[in-house]
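Structural features, examined
This is what each chain is made of:
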Amino acid sequence: MKSLKMRLFAETHRYAHRYRHMEENTQYTDMETIAVKSSFQTMYRFLITAGLEDEYLTWLESLEED
């Protein structure tokens, strides 16, 4: 179960990072950016529904420290 949770965290983070990158870059169309944003929002909503938001935020902080 722990590895599945870590994969969920990593994928959510990947979509967030990709979305931020696409927002700052003009080579992507609005539709491409919206699609990635929607994927990130779906992943994040799943985290909230599963009660993992606080754990995810703690995991993100640990990434920033490294």
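The sections below set out a description of the structure shown in this document.

Turning our eyes to something else, we now look at the side chain of Thr12. Among the structural elements, Thr12 can be located in helix α1 (residues 2–24). Among residues more than four places away in sequence, those in contact with Thr12 are Phe40, Met43, Tyr44, Leu47 and Tyr56.

Taken as a whole and judged by the stated rule, the model has five aromatic pairs. Aromatic pair Phe9 and Trp59: ring centres 5.7 Å apart, planes at 50 degrees, arrangement tilted. In this pair, Phe9 sits in helix α1 while Trp59 sits in helix α3 (residues 53–65), placing the two residues 50 residues apart along the sequence. On the numbers, 5.8 Å between centres and 45 degrees between planes, the contact of Phe40 with Tyr44 is tilted. Taken together, the positions of Phe40 and Tyr44, both in helix α2 (residues 30–49) and four residues apart, correspond to about one turn of that helix. The buried category is assigned to Tyr44, whose relative accessible area is 19%. Members of the aromatic cluster, each reached through a chain of ring pairs, are Phe9, Phe40, Tyr44, Tyr56 and Trp59.

Rules used in this analysis
- Residues numbered from 1 in each chain as written.
- Predicted model: local features only at pLDDT ≥ 70, side-chain atom pairs only at ≥ 80, totals over all residues.
- Heavy atoms only, no water.
- Helix = DSSP H or I, 4+ residues; strand = E, 2+ residues; numbered from the N terminus.
- Contact = heavy atoms within 4.5 Å.
- Phe/Tyr/Trp six-rings, centres within 6.5 Å; stacked < 30°, edge-to-face > 60°.
- Buried < 20%, exposed > 50% of the residue type's maximum accessible area, 1.4 Å probe, protein only.

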